[in-house]
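# Breakdown of the fold
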Amino acid sequence: MIKLEDSYKRVHDYLRISITDNCNFRCTYCMPDESYEFLPPSHLMTPDEIFQLAKTFVELGVKKIRITGGEPLVRKDFLEIMEKLSELPVELTLTTNGVLIDKYLDDLIAMGVRSINISLDTLNPIKFHQITKRNQFHKVLQNIQLCLKAGILTKINVVAVKGEVEKEIHSFIHLTEIYPLHVRFIEFMPFDGNHWDSQKVLSASEMMQIAMEHYEVVKLKDEVHETARKFQVKGSKGSFAFITTMSNHFCFECNRMRITADGKMKNCLFDKNELDLLTPLRNNEPILSVIRESLKNKKPFLGGQFTNEFEKTDAHAIVNRSMIKIGG
Ligand code: SAM
Ligand code: SF4
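Below or above, wherever it landed, is the structure these notes cover. Computed from a predicted model, the values in this text were never measured in an experiment.

With that settled, consider the site of ligand 1. Around ligand 1 sit 20 residues in total, of which Gly-70, Glu-71, Ser-119, Asn-157 and Met-189 are the nearest. With respect to ligand 1, the backbone of Tyr-29 contributes an N or O atom lying 3.2 Å from a nitrogen atom. At 3.1 Å from a nitrogen atom of ligand 1 is found a side-chain nitrogen or oxygen belonging to Asn-194. Summarising the interface, the protein chains cover 96% of the accessible area of ligand 1, which totals 540 Å² for the free molecule. For the shell around ligand 1, the elements supplying multiple residues, two or more each, are β3 (91-96), β5 (153-160) and β6 (181-187). Its residues assigned to classes, the shell around ligand 1 shows eight nonpolar, 10 polar and two charged.

Laid out in structure tokens, this is it:
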């Protein structure tokens, strides 16, 4: 098989596909603002097009596909998309804000989905409303419980914005003591319109210090290509981790590629270049050369736009679409 290798000999076998830029939440760190204009439906990939692109990538060695967005579950044809993708010989998974999971969980399990990442940035309902602009805290919590009951490997994504998350770190870690939950604190990343500035980044080492004020922590082994640095409180059912994009990137082991909801290939979350896969697919033209071109141009780390000295990073100097447009 012809591997999807870039100029730095990194083999790419993990594809993240955004199926919509639409969302039923309005998270402050993700959505530019309420006047954001969603992509017109004709610009979105259809279920068939998503399948065709995914199939091509699988034939090129992709072993894992994550469906994301925007909020993937708001697409009316979400199940149709998942059903098609479940025919492919890959590990199929998704990232969701969790609010519609109850509607789809049985079908997802029947299709072979075994793990789900759910975003939850606070354990306080009032704060949840402030962050997401939606009053759905209890629904998300119930749906996390449903996933656990169903034996789904459930990871909780917490975006660590400085000044917002410090007081909740112990409570999130406590959840991992009593439930088989895997909490991942994600360092706040810069995207168009999300009011990022370096002062708002709470680094993994700062979070670890807070964790260790209260807990005796052991290091767990990180898998190859794992973006999360994993830890556990001794005797816990779950674990916690830090995704250290800003303070200590993991790019030298990167195996990830992305397709945006409008069918553009992004070789990195931060690369400013995107190559169109959807137009050639619609015109019956070859896309393999486009995929290879995109990978050939992949930068060694962080899309070539900044370094881990995030304190020196000027948000205005970074060229990128908003997170909701790229797909997380
Ligand atoms: N709507 C789904 C959700 O919220 O899980 C999937 C899409 S969302 C863009 C994917 C992930 O990106 C979520 O876990 C979200 O918390 C994370 N995210 C969004 N903006 C971010 C930012 N600026 N920095 C770090 N993580 C971010
Ligand atoms: Fe929507 Fe997810 Fe972005 Fe929140 S993080 S606005 S739930 S896409």
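The discussion continues.
Among the residues of helix α6 (residues 169-178), Ile-169, Phe-172, Ile-173, Leu-175 and Thr-176 are the ones counted as buried. All buried residues of α6 project into a common sector of 145° when viewed along the axis, lining one side.

What follows covers the packing of α6 against helix α7 (residues 204-214). Two packed helices can be described by the angle between their axes and the distance between those axes. Packing of α6 against α7 leaves a shortest axis separation of 9 Å and a crossing angle of 65°. Taken together, the axes of α6 and α7 are roughly perpendicular relative to one another. Considering how the two elements wind past one another, α6 and α7 form a crossing that is right-handed. Contacts between α6 and α7 involve Ile-169, His-170 and Ile-173 from the former and Met-207, Ile-210, Ala-211, Glu-213 and His-214 from the latter. For the contact of α6 with α7, the per-class residue count stands at five nonpolar, two polar and one charged.

Taken N-terminus to C-terminus, the directions of helix α3 (residues 101-110) and helix α5 (residues 137-149) make an angle of 15°; their axes are 10 Å apart at the nearest point. With respect to α5, the axis of α3 lies roughly parallel. Pair α3 / α5 crosses with right-handed handedness. Where α3 abuts α5, its residues Ile-101, Asp-102 and Leu-105 lie against Lys-139, Asn-143, Leu-146 and Cys-147. In the contact of α3 with α5, the residues fall into four nonpolar, one polar and two charged.

The next subject is the site of ligand 2. Close contacts around ligand 2 come from Cys-23, Phe-25, Cys-27, Tyr-29, Cys-30, Met-31, Gly-70, Asn-97 and Ile-324, and that covers them all. Here the shell around ligand 2 is composed, by residue class, of seven nonpolar, two polar and no charged.

A word on the side chain of Glu-187. Among the secondary structure elements, Glu-187 is positioned in strand β6. No salt bridge is formed by the buried Glu-187; the nearest opposite charge belongs to Arg-229, separated by 8.9 Å. There is a polar contact of 2.7 Å between the side chain of Glu-187 and the backbone nitrogen of Ala-204. A polar side-chain atom of Glu-187 sits 2.9 Å from the main-chain amide nitrogen of Met-246. Contact partners of Glu-187, with chain neighbours within four places excluded, come to Val-201, Leu-202, Ser-203, Ala-204, Met-207, Ile-243, Thr-244, Thr-245, Met-246 and Ser-247.

So, about the pairing of strand β8 (residues 228-233). Burial of β8 is extensive: five of the six residues sit out of reach of the surface. Pairing analysis gives three bridges linking strand β7 (residues 217-219) to β8, with the strands arranged antiparallel. Across the sheet, residue Val-217 finds its bridge partner in β8, namely Val-233. Pairing geometry for β8 and strand β9 (residues 239-243), over four bridges, is antiparallel. Across the sheet, the residue bridging to Ala-228 is Ile-243, located in β9.

Moving on, we come to the nonpolar core. Counting 104 residues, the largest nonpolar core has Ile-17, Phe-57, Ile-65, Ile-67, Ile-116, Phe-185 and Phe-240 as its most contacted members. For this core, the element with the most residues is helix α1 (residues 47-59), which contributes six residues. Dropping the residues within four chain positions of it, Phe-57 is found in contact with Leu-4, Leu-15, Val-62, Met-257, Ile-259, Met-265, Leu-277 and Ile-291.

Along the chain, Arg-16 falls in strand β1 (residues 14-18). No salt bridge forms around the buried Arg-16; measuring N to O, its nearest opposite-charge neighbour Glu-226 is 9.0 Å away. At 3.3 Å, the side chain of Arg-16 forms a polar contact with the side chain of Tyr-14. Apart from the residues lying within four places of it in its own chain, the contact partners of Arg-16 are Arg-66, Thr-95, Arg-256, Met-257, Arg-258, Ile-259 and Gly-328.

Of all the residues in helix α4 (residues 125-132), the buried ones are Lys-127, Phe-128, Ile-131 and Thr-132. Viewed end-on, α4 has its buried residues packed into an arc of 120°, placing them on one side of the element. The exposed set on the far side of α4, more than 90 degrees from its buried face, consists of Ile-126 and Gln-130. Along its buried surface, α4 packs onto α5. For α4, the N-terminal cap is Asn-124; the gap from its side-chain oxygen to the backbone nitrogen of Ile-126 is 2.8 Å. At the C-terminal side of α4, Lys-133 shows a positive phi close to 65°.

The rules behind the values
- Residues numbered from 1 in each chain as written.
- Chains lettered and ligands numbered in written order.
- Predicted model: local features only at pLDDT ≥ 70, side-chain atom pairs only at ≥ 80, totals over all residues.
- Heavy atoms only, no water.
- Near = heavy atom within 4 Å.
- Polar contact = N/O pair within 3.5 Å; in protein donor to acceptor, adjacent residues only side chain to side chain.
- Areas by Shrake-Rupley, 256 points an atom, 1.4 Å probe, with all protein chains shown as cover.
- Helix = DSSP H or I, 4+ residues; strand = E, 2+ residues; numbered from the N terminus.
- Nonpolar A, V, L, I, M, F, W, Y, C, P; charged D, E, K, R; others polar.
- Buried < 20%, exposed > 50% of the residue type's maximum accessible area, 1.4 Å probe, protein only.
- Arc of directions from axis to C-beta.
- Axes fitted to C-alpha atoms, helices over the stretch in contact; angles between N-to-C directions.
- Parallel < 35°, antiparallel > 145°, perpendicular 65-115°, else oblique.
- Left-handed = near helix turned anticlockwise from the far one by under 90°.
- Contact = heavy atoms within 4.5 Å.
- Lys, Arg positive; Asp, Glu negative; His and termini not counted.
- Salt bridge = Lys/Arg side-chain N within 4 Å of Asp/Glu carboxyl O.
- Pairing = 2+ DSSP bridges.
- Core = buried A, V, L, I, M, F, W, Y, C linked by side-chain atoms within 4.5 Å.

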